[in-house]
Structure formats: C-alpha cells, structure tokens
Amino acid sequence: MPTTPSSTARGTGLPAGPGLALVLLLVLAACTGGTAMEPTLTEEQARDRAEQHIQDAITVLPDEPTLNLLSDYSDECTDPTDNGPQGRYQVGKTYWLDDLSPERNDAYLDALRAHWEANNYRINSDNRPDDRTITVEHNEDAFRMSVVARPDDQRLSLGAGSPCIWPEGTPPEDDEPGF
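Quick caveat, the model's predicted, so the values are computed rather than measured.

What counts and what doesn't
Residues numbered from 1 in each chain as written. Predicted model: local features only at pLDDT ≥ 70, side-chain atom pairs only at ≥ 80, totals over all residues. Heavy atoms only, no water. Helix = DSSP H or I, 4+ residues; strand = E, 2+ residues; numbered from the N terminus. Buried < 20%, exposed > 50% of the residue type's maximum accessible area, 1.4 Å probe, protein only. Contact = heavy atoms within 4.5 Å. Areas by Shrake-Rupley, 256 points an atom, 1.4 Å probe, with all protein chains shown as cover. Salt bridge = Lys/Arg side-chain N within 4 Å of Asp/Glu carboxyl O. Pairing = 2+ DSSP bridges. Axes fitted to C-alpha atoms, helices over the stretch in contact; angles between N-to-C directions. Core = buried A, V, L, I, M, F, W, Y, C linked by side-chain atoms within 4.5 Å. pLDDT = per-residue confidence, 0-100. Expected span 1.5 Å × (residues − 1).

Draft legend 1. Summary view of the overall build of the protein chain. Across its full length, the protein chain carries three helices and six strands. Mapped from its N terminus to its C terminus, the protein chain presents α and β elements in the order α-α-β-β-α-β-β-β-β. When the 179 residues of the protein chain are sorted by exposure, 31% land in the buried category. Sequence separation of at least 24 residues holds for 57% of the intrachain contacts in the protein chain that already meet a minimum separation of 6. A total accessible area of about 10900 Å² is found for the protein chain, and carbon and sulfur atoms account for 51% of it.

Draft legend 2. Just the pattern of salt bridges, in detail. Under the defined criterion, the tally for this structure stands at 15 salt bridges. Between Glu117 and Arg113 there is a salt bridge, with its nearest N and O atoms 3.0 Å apart. Of this pair, Glu117 and Arg113 both sit in helix 3 (residues 105-118), separated by four residues, roughly a single helical turn. A relative accessible area of 23% means that Arg113 is categorised as partly exposed. A salt bridge links Asp126 to Arg113, with the shortest nitrogen-to-oxygen separation between them at 2.8 Å. Of this pair, Asp126 sits in strand 3 (residues 121-126) while Arg113 sits in helix 3; the two residues are 13 residues apart in sequence, bridging distant segments of the chain. Residue classification places Asp126 among the partly exposed residues on the basis of a relative accessible area of 25%.

Draft legend 3. Examining the sheet that holds strand 1 (residues 66-76) more closely. The six strands lie next to each other as 1-2-6-5-4-3, forming an open sheet whose pairing is antiparallel. Because the sheet does not close on itself, it has two edges, and the strands there are strand 1 and strand 3. In this sheet, adjacent strand axes meet at a mean angle of 15 degrees when their direction is disregarded. Of the strands in this sheet, strand 1, strand 2 (89-98), strand 3, strand 4 (133-138), strand 5 (144-149) and strand 6 (156-161) touch helix 2 (residues 43-58), which is tilted by about 30 degrees from strand 2.

Draft legend 4. Focus on the nonpolar core. Judged by nonpolar contacts, the single largest core of 25 residues is most densely connected at Trp116, Met145, Val147, Leu156 and Leu158. Elements represented by at least two residues in this core include exactly helix 2, strand 2, helix 3, strand 4, strand 5 and strand 6. With five residues, helix 2 is the single largest residue contributor to this core. When near neighbours in sequence (up to four residues on either side) are disregarded, Leu156 contacts Tyr95, Trp96, Leu97, Leu100, Asn105, Tyr108, Leu109, Val147, Val148 and Ala149.

Draft legend 5. Unusual backbone geometry, seen in detail. Across the junction of Arg128 and Pro129, the peptide omega takes the value 5 degrees, indicating a cis bond. Topologically, Pro129 is positioned in the loop between strand 3 and strand 4. Of note in this structure, Gln154 is not a glycine but carries a positive phi near 60 degrees. Relative to the helices and strands, Gln154 resides in the loop between strand 5 and strand 6. When its relative accessible area of 22% is taken as the criterion, Gln154 is described as partly exposed.

Draft legend 6. Looking closely at the confidence of the model for the protein chain. Averaged over every residue, the pLDDT of the protein chain is 81; the share at 70 or more is 75%. Across residues 1-36, where pLDDT falls below 50, the model places 24 contacts with residues more than four positions away in sequence or in other chains. The low-confidence segment residues 175-179, where pLDDT is below 50, has six contacts with residues more than four positions distant or belonging to other chains.

Draft legend 7. Just helix 3, in detail. In this model, helix 3 (14 residues) spans 20 Å end to end at C-alpha, consistent with the 20 Å of a helix rising 1.5 Å per residue. Close packing links the buried residues of helix 3 with helix 2, strand 3, strand 4, strand 5 and strand 6.

Following this line, the structure appears as structure tokens:
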C-alpha cells in the first residue's frame, strides 16, 4: 500500500497517528533498556508478609518459643540482585527464639527445613553440622528466610526479608523523559 502525506508523519517516513505512538513507545522502551518498573508490595505489606512467614514457621517447632525482636529493618537496595532500578528497599524482621532448649536445636532446624520444603521454599544453604544455619527463599514471593544458631550459646534467631520493593508500592514518577 503506497504511503501518502496524510498516512505518514510529516517528513519522517514514520506512520502517523496511532502508528507513530507505537513507534515512539518502542523507541522509548529501547532507550530505557526495556525494563518495566512493576508495582510491588508496599513497605507495610512487605513487613506484614515477613512477619507472616515467621509466624508460619514457628508453628512447626516442637516447642513454643518466646519471640524477642532482634531487628526490624528497611534498607535501600543499593546493589539489587535483580538488576532493577535504584530507589527500592528490602524490609524484614529477625527474632531471637528464646525459651528453647539448645540441646534440641537439631530438632528445631529439622522441623523448619521440613516445613520449608513442604511449603514451596527453595533451600539455598544448609551448612549443618559445621554451622547450624539454613537459608531459604520462597518460590512465589521471593521472600528469604534464615535460621541461625549463634556459635557461643546456640541461641536461635529466625528472620525473613523481602525482595526489593517500592516503599509506596509503585515506582516514582519521572520528572523528565528517559531520552
């Protein structure tokens, strides 16, 4: 089909109207690397999800621990492992699992590992018997968890952390086009 001046953008040879918009969108995507800045959980939702992962895990322990907050953090993803944009954060919580018998740590770690394997977590590391540490990642939401027995007194800590998220759940608006 031959082009006419009304079917092309004046002097560019590019399609006019909706076709021009599509071409500009593709050029913009190419200039920005094509990385979509998808919405994420908010910081509050991620903190709640980390807490839920922890609460789900402690229900499988053969004894009931007392949870004492060790850390409740929000750190900027300055070197995100997903190669995504800056300005996102990781949030998480870690608790001491007190009132548990250190002599039963192997049973606690075995129970946690079995729970994680049965509930769609990937075991990233299990360094037993040399180091009583297990790290996992949930296959659906990418939250990571770890249980660690402190070397000196074998006190256990259990933590969960989010992948990189936007604090408000959506990427910030750009003031200028990405050209």
